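Listed below are the residues making up each chain.
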Amino acid sequence: MLDLGGLKPGFHDILCAVDDKSVLTEKARLLARQIHDLCLKGTITGITDITPGLTSLVIQYDPALIRASHLRQWITPLISADVAPQQDEVKIWQLPVCYADEFAPDLAEISERTGLSCEDIIQLHTSTIHHVAIMGFLPGLGYMTGLNEALYLPRRANPRIAVARGSVGIAMDQTVIYPLDSPGGWNLIGRMPYYLFRPEADTPLLFSAGDRVKFTAIDRDEFEACAARAQTGETPTFTTEQAG
C-alpha cells in the first residue's frame, strides 16, 4: 500500500496551502481518476486499488509487478500538477428526512449545545447542498461535507451500540446516513426512509463520491409512505447538473 499523503512534494504540502478541505478532497478524487486512466492505457501497471480520502490518496499495488519506488516516480509529478476539473454531470439526490423526536434522539441536546432551536437546526440542515466527499466504513455510507458551521460538533463521547438503518447523523463538518443497522457515535438528528445499500440490486450502492444531496424535511406519515415504497424497490429522485 502506498499512501500519497507521505510523499514530498505531496498532499501534505497541498493541504498547508489550501484553506478549504473540499478542494483537497476534489484534488484526491480527480487524481485517482487520472491514475486510473493511466492504468487503463497500460502506462502504469501493478495497481490493484485506488482509494481517495478526504485529505489523502491510498494506492494498493502488487509488489510482484511494480516497486513502490517506481510508483513514486510516476505519481509524484502528478500530485503537484494541475488536474483538469471533472466535466461529467453530477447527481443531486433529493432525500426526505423525518426529524421527529423518535428519529432524532440527539436533536434536543444539540439545541442546548448550540443555542439554536430544533426548528433552526432542521432549517440549517435542509438549506444547503451536501457533497458526498468519500465512501467508507459501511457499504453505501457516504461522508457528506457542507454542514453549516453552526452545527459543527464532535462525535458522541459514548457511541451507541445500535443505530438504526437510515439514521441521519452529524459530526465535525459532515453528515452521514447509516446504510445498515450498526454501532455508531454520530449525533442523530433524523431518519431517511430509502435504502442506500441493496446487495441484490444491479447497482448496490445509491451514492458515489462526487454526488450531491439536498435534504427535505417530512413528517411521520410521509416517512411511512416513503418507507413502504422503498420496500418495493423505489429509490429517491435526483436531478443532474454539470460538475464544476
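## A word on the packing of helix α4 (residues 107-114) against helix α5 (residues 118-126)
Here is step 1 of the chain: At a minimum axis separation of 9 Å, α4 and α5 run at an interaxial angle of 95°. Taken together, the axis directions place α4 and α5 in an arrangement best described as roughly perpendicular. Residues Leu107, Ala108, Ile110, Ser111 and Thr114 of α4 form the contact with α5, whose participating residues are Cys118, Ile121 and Ile122.
Here is step 2 of the chain: A per-class count over the contact of α4 with α5 returns six nonpolar, two polar and no charged.

## Considerations on the pairing of strand β3 (residues 57-61)
Here is step 1 of the chain: Here β3 lies mainly inside the structure; four of its five residues are buried.
Here is step 2 of the chain: Where strand β2 (residues 47-52) lies against β3, five bridges are found, and the strand directions are antiparallel. When the bridges of β3 are listed, Pro52 appears paired with Leu57.
Here is step 3 of the chain: If you look at the hairpin formed by β2 and β3, you'll find four residues sitting between the two strands.

## Observations regarding the side chain of Thr76
Here is step 1 of the chain: Take Thr76: it is sitting in helix α3 (residues 68-80).
Here is step 2 of the chain: We classify Thr76 as buried; its relative accessible area is 18%.
Here is step 3 of the chain: Engagement of the side chain of Thr76 in a polar contact is seen with the backbone oxygen of Arg72, the distance being 2.8 Å.

## Focus: the nonpolar core
As a rule of thumb, soluble globular proteins bury nonpolar side chains together.
Here is step 1 of the chain: Core analysis: the biggest nonpolar cluster contains 29 residues, and Leu95, Ile177, Met192, Phe207, Val213 and Phe215 have the highest contact counts within it.
Here is step 2 of the chain: Those elements that provide at least two residues to this core are β4 (89-98), α4, α5, β8 (167-171), β12 (212-218) and α6 (220-231).
Here is step 3 of the chain: If we skip the residues at most four places from it in the chain, Met192 touches Leu95, Pro96, Val97, Gly166, Val168, Ile177 and Phe223.
Here is step 4 of the chain: Ranked by size, the runner-up nonpolar core spans 15 residues in total, among them Ala32, Leu57, Ile59 and Ile79.

Cut-offs applied
Residues numbered from 1 in each chain as written. Predicted model: local features only at pLDDT ≥ 70, side-chain atom pairs only at ≥ 80, totals over all residues. Heavy atoms only, no water. Axes fitted to C-alpha atoms, helices over the stretch in contact; angles between N-to-C directions. Helix = DSSP H or I, 4+ residues; strand = E, 2+ residues; numbered from the N terminus. Parallel < 35°, antiparallel > 145°, perpendicular 65-115°, else oblique. Contact = heavy atoms within 4.5 Å. Nonpolar A, V, L, I, M, F, W, Y, C, P; charged D, E, K, R; others polar. Buried < 20%, exposed > 50% of the residue type's maximum accessible area, 1.4 Å probe, protein only. Pairing = 2+ DSSP bridges. Polar contact = N/O pair within 3.5 Å; in protein donor to acceptor, adjacent residues only side chain to side chain. Core = buried A, V, L, I, M, F, W, Y, C linked by side-chain atoms within 4.5 Å.

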